[in-house]
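What the coordinates show
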Amino acid sequence: MFIDVHVLQTVPPSNINRDDTGSPKTAVYGGVRRARVSSQAWKRATRTEFRELINPASLGVRTKRVVELLAERIGSAIPDADARLAAATQVLKDAGIGLEKPRKRKEDADDTVEQSKYLLFLSATQIDRLAQLAIAAAGGTKIDKSAAKAAANGADSIDVALFGRMVADSADLNVDAAAQVAHAISVHAVNNEFDYYTAVDDRAPEDNAGAGMIGVVEFNSSTLYRYATVNVAMLEENLGDRAATVHAVETFLKAFVRSMPSGKQNTFANRTLPDAVVFSVRTDQPVNLVTAFEEPVEAIGAARAITAAKALATRYRAIESAFGGGATTNFVVTTGDGADALGEIAVPVSFAAAVEGVTERVRAALGVLS
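Worth saying up front: this structure is predicted, and the values here are computed from it rather than measured. (Residues numbered from 1 in each chain as written. Predicted model: local features only at pLDDT ≥ 70, side-chain atom pairs only at ≥ 80, totals over all residues. Heavy atoms only, no water.)

1. Points about the overall build of the protein
The test is simple: The way it works is that DSSP assigns letters per residue, a run of H or I at least four long becomes a helix, a run of E at least two long becomes a strand, and they are numbered from the N terminus. By the convention used here, residues are in contact when the closest approach between their heavy atoms is within 4.5 Å. Only the protein chains shown count as cover for residues, with accessible areas throughout obtained via the Shrake-Rupley method and a probe of 1.4 Å. Residues scored as charged are limited to Lys and Arg (positive) and Asp and Glu (negative), so that His and the chain ends carry no count. Charged side chains are reduced to one point each, which is NZ for Lys, CZ for Arg, CG for Asp and CD for Glu.
If you tally the helices and strands in the protein, you get 12 helices and 13 strands. Taken over the C-alpha atoms alone, the protein extends approximately 75 × 75 × 35 Å along its principal axes. The contacts in the protein between residues at least 6 apart in sequence include a share of 72% that link residues at least 24 apart. With the model as given, the accessible surface of the protein reaches about 18,100 Å², and the carbon-plus-sulfur share is 49%. Where the 40 positive side-chain charges of the protein centre and where its 45 negative ones centre are 3 Å apart.

2. Topic: the nonpolar core
For soluble globular proteins, the rule of thumb is that nonpolar side chains tend to be buried together. This is how the line gets drawn: Take the buried residues of types Ala, Val, Leu, Ile, Met, Phe, Trp, Tyr and Cys, join any two whose side-chain atoms come within 4.5 Å, and each joined set is a nonpolar core. Exposed residues in this analysis have more than 50% of their type's maximum accessible area, buried residues have under 20%, and partly exposed residues fall in between, with area computed by a 1.4 Å probe over protein chains only.
Ranked by size, the top nonpolar core spans 49 residues in total, and within it Trp42, Leu162, Leu235, Phe252, Leu253, Phe279 and Val358 carry the most contacts. Considering every element that reaches this core, the biggest residue donor is helix α8 (residues 242-258), with 8 residues. Apart from the residues lying within four places of it in its own chain, the contact partners of Val358 are Ile3, Val249, Leu253, Phe279, Val281 and Phe331. With 29 residues, the next largest nonpolar core counts Val113, Tyr118, Leu133 and Ala151 among its residues.

3. Side note on the pattern of salt bridges
For clarity, the threshold we go by: The working definition used for a salt bridge is a side-chain nitrogen of Lys or Arg within 4 Å of a carboxyl oxygen of Asp or Glu.
The final tally for this structure, using the stated rule, is 12 salt bridges. Residue Glu68 pairs with Arg65 through a salt bridge whose shortest N-O separation is 3.6 Å. Given the relative accessible area of 30%, Arg65 is considered partly exposed. The partner of Arg363 in a salt bridge is Glu360, with the nearest N and O atoms 2.4 Å apart. Of this pair, Arg363 and Glu360 both sit in helix α12 (residues 351-366), 3 residues apart, which is roughly one turn of that helix. For Arg363, a relative accessible area of 14% translates into the label buried.

4. Section: the side chain of Ser280
Where we set the bar: Polar contacts here mean pairs of N or O atoms no more than 3.5 Å apart (in protein, one a potential hydrogen donor and the other a potential acceptor; neighbouring residues in sequence count only if both atoms are side-chain atoms).
Structurally, Ser280 is set in strand β12 (residues 276-282). Since its relative accessible area comes to 1%, Ser280 is described here as buried. Within the structure, the side chain of Ser280 is placed 2.6 Å from the side chain of Asn330, a separation counted as a polar contact. Sequence-distant contacts of Ser280, that is, excluding residues within four places in its chain, are made with Phe2, Ile3, Asp4, His6, Tyr316, Thr328, Thr329 and Asn330.

5. Structural notes on the side chain of Ser116
Here Ser116 shows up in strand β6 (residues 115-116). Separated by 2.6 Å, the side chain of Ser116 and the backbone oxygen of Tyr118 make a polar contact.

6. A look at a nonpolar patch on the surface
Inclusion rule: Nonpolar side chains (Val, Leu, Ile, Met, Phe, Trp, Tyr) within 5 Å and like charges within 9 Å form the patches, drawn only from residues with over 30% relative accessible area and no salt bridge.
Residues Phe194, Tyr196, Ile214 and Val216 make up a contiguous nonpolar surface patch of about 480 Å² in total accessible area. Secondary-structure elements contributing two or more residues to the nonpolar patch are β10 (193-199) and β11 (213-231). For Val216, the location among the structural elements is in strand β11. Assessed through its relative accessible area of 54%, Val216 is described here as exposed.

Structure representation (C-alpha cells):
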C-alpha cells in the first residue's frame, strides 16, 4: 500500500527556501524557470509540525552533538562530568558511530567534546538505551559492541521511521525512509523580484533624512505543486508495530499538508493553507502527477489554482485510463477553487474527514481495531 499526497498551494510574495546567495530556489521544468522549495526544507517543516501533534519527547533528535546529548540523558547517574562524557563517547564508538573533534569556533563554549562526523538521527528510546549501557559500563559491567549496536537500532520513532537514517560508518544502523518527498515547484513560470528596503534609526537626529540601513530582499510568488508518498509496508517494518504505523500515517498526513518552511516568515508573513489536497491510496506504485504541469499553467480569466486543479484532474484521469487497474481510492479536499474539476476524482470532503478516510483504509489493511 502506498499513500500519495498531492497538494496545490498558493504562496504570496515570499522567500521560504533560499540558495547560497539568499535568492529563492528555482528549477527549470518544461523549459521555463519555476519557483522551487527543496524536499529537505519541507521535510524539516514537517518534522517541526510533528511536535504540535504528538509528544515531542517521543520524537527523534538529529544532531552532531550526540555525545553532549547522551551525557545529558545519563545525568546524575554518573556524577562526574568528565566521566559522563567519557562513558557517552565510548558507548557511541562501540555502536559503530564515528566521532571526531569539532572544528574550533568562537561560539563554542567547549570544543573539546567529540561530535559525530555527520548529523545523526536517533529516537528517544535509542538515546535512553545507549544511556543505560553507558551507565552500566561505568558501573563495571562489560558492554560488547553488539549490545551497543542493538541499543542504537530498532525502536525507531515516527520521524526516524518516516525519513530514515544513514550512518556512513555502520551500514547496519541505516534505516530506509518510508516516506519520499518531492521538491515542490510552481505550476507556472516565475521571475524573481527584488524588494529594496530602508530602515530608520529611531535615535537619529530629526533633521537627518538618511536611512539607518538599506538592503535588498529577493522574492517571488507562486502556486506550488507539492507531492509526497508513504510506503506503508516499509513504515510498518521500520516501526515494528501496526498500531504505531496507523498513527504515523495519520500524523504525517496532517503535518505534511499543514506545514510551511519558515524562511523569511517575519519579512513576508506568507503562511497559507493549500487550495486543494488529493490523497490517493494505491496498491500498485506511487505516482507523482507533476507532469500535469510540464506545460506551464496559464490562468486567463480564472485563479491559477483553479486552472491547476483542472490540469491535475486531467492528468490523473489520463494515467488511470492508461495504467490504472481500479486499485486506487481517493480523497479530495478543496477550498472551493477547483472543486468541480477535482470532484471528478472523488467527492470533496473536509481535511479531517480525508485524513480519517485514509487512516481507516490503512487500519483495515493492517488489521488494527479502531
